[in-house]
Amino acid sequence: MRTGASRVGPNSVSGRTRSWVRPVRRRWLTGWLVGVALVAAVSGGIRLLQPHVPVPSLLALYLLAVVPVAVVWGAWFAVLVSLLSGLAFVALFSPPLYSFRADHLWDLFGLGIFLVISVVVGELATRWRRQARRSARLTEEQAALRRVATLVARAVSPSEVFAAVTREVGMLCRADMARMERYEADGTVTGVAGWGRLGDELAVGTQFTLEGVSIAAQVQQTGGPVRVHSFARASGPIAREAQKLGIRSSVGCPIVVAGQVWGVIAASSKREAPFPKDTESQIADFTELVATAIANAESRAKLDLLVDEQAALRRVATLVARGLPSAEIFAAVAEEVAQVTGTDATIIVRLDPDGATTIVAKVGEHPETMAVGSRWNIEPPLVLAEVLRTGDPARGDDYKGRSGEAIDVVGRGPDA
């Protein structure tokens, strides 16, 4: 999986470093205090057992302080606690007492063995912790993917899949907010699903331009996963919305459908610590399911349209086979075309020998003057004029600023 990083403003790196150092310092301080407390507790236990058990054999009890620290804080903390344990043992239990000097060779030998064992045990405990976390994370991710895949397999509506994926991504990434957005043809993005841990996600249907700094803008530019480490000095509508919601950083991935970037899904955090390095790959697994759901929905829509088209053709063919008058067949064809295409107005005209046209059927919102049987001069840029000229299908998307006999009447609306 290809990952990317973005830098926002000249001070983004130093600001990001400062925001990351503070939690690291707190973590080190907490680990050190816990290590000291555990060493003190074990030392107290050894003091109680000292009259009954040979003191050198009690040195191994300090592993009770080393192992918990290794599991929670890692191998480096385990090494520090091991050294602290050794110093505590020498000072408290190895003659001469209350000094950091050991005069007995056996004590030094045992201390050396203890330190080696402590380092090995600490490293093993650290690896076990990492493996356990990785296993738990993988189990959680697979469970989330199965839940979404089940929805996709059940062919539920895309909106349900969008909502489910956004929720799963937000929870899996330990984010405060997650968003899924669709790119529009006019250069904007529209929110299609949102999830927030505190209920402060943006409403579905919210539309933003891609100006300034945002995950959506950078994903569209790069076509790959990106990160925004800070919105503090960023500009643009999405960045301002992030600042308003208290979002510090975001990470997102593109949703690619049929080889084209359809949209983007992003996880956002209000915390100072950045997202883990594997966050992009976790999100990417869900984008593939979203793409499948969209492709399936489009396939079902095409299949439904094909079924409707075939049914409409059979109905019209039945009327033709029954030998009904042409006027009734024309009216039926206009009605069926309107139903299949979902248009507001449908019209059928006949080209007369003199070059004019006669309306033979119509459905929908036509001006009253365009009655069945009325004759019109169809001129460009009307689509009908192009069809009559070439005999091929044609399309017209905009008649603004155009004039002509038929265009002027159509432009005045159904009451003309």
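For clarity, every value in this text was computed on a predicted model and none was experimentally measured.

Parameters and conventions
- Residues numbered from 1 in each chain as written.
- Predicted model: local features only at pLDDT ≥ 70, side-chain atom pairs only at ≥ 80, totals over all residues.
- Heavy atoms only, no water.
- Helix = DSSP H or I, 4+ residues; strand = E, 2+ residues; numbered from the N terminus.
- Pairing = 2+ DSSP bridges.
- Contact = heavy atoms within 4.5 Å.
- Axes fitted to C-alpha atoms, helices over the stretch in contact; angles between N-to-C directions.
- Core = buried A, V, L, I, M, F, W, Y, C linked by side-chain atoms within 4.5 Å.
- Buried < 20%, exposed > 50% of the residue type's maximum accessible area, 1.4 Å probe, protein only.

A. Spotlight on the environment of methionine 171. Its place among the elements puts methionine 171 in helix α6 (residues 158–172). Placed 96 residues apart in sequence, methionine 171 and alanine 267 show a C-alpha to C-alpha distance of 9.3 Å.

B. Structural context of the sheet that holds strand β7 (residues 345–351). Here we have three strands laid out as an open sheet, ordered β7-β8-β9, and antiparallel in their pairing. Whereas interior strands pair on both sides, the edge strands pair on one side only; in this sheet they are β7 and β9 (375–376). Summarising the sheet, strand β8 (residues 357–364) and β9 pair through two bridges and their orientation is antiparallel. Across the sheet, residue threonine 358 finds its bridge partner in β9, namely arginine 375. In the packing of helix α10 (residues 326–341) onto the sheet, contacts are made with β7 and β8, and the angle to β8 comes to roughly 50°.

C. Expanded view of the nonpolar core. Val165 and Met180 are the most contacted members of the largest nonpolar core, which has 33 residues in total. Mapped onto this core, the elements with two or more residues apiece are α5 (105–153), α6, β2 (188–196), β5 (249–257), β6 (260–269) and α9 (279–321). A total of eight residues in this core trace back to one element, the largest contributor, which is α9. The next biggest cluster of nonpolar side chains, apart from the first, holds 21 residues, and it includes Phe208, Leu210, Ile247 and Val264.

D. Quick peek at the sheet that holds strand β3 (residues 207–209). Strand order across the open sheet formed by six strands is β3-β2-β1-β6-β5-β4, with antiparallel pairing between neighbours. The sheet is open, and its two borders are formed by β3 and β4 (226–228), each paired with just one other strand. Neighbour to neighbour, the strand axes of the sheet diverge by 30° on average, direction disregarded. Direction of pairing for strand β1 (residues 177–183) relative to β6: antiparallel, over a ladder of six bridges. Of the residues in β6, the one forming a bridge with methionine 177 is serine 268. Sheet strands in contact with α6 are β1, β2 and β6, and its direction is about 60° off that of β2. Contacts from helix α7 (residues 215–222) reach β1, β2, β4, β5 and β6 within the one sheet, and its direction differs from that of β4 by about 150°.

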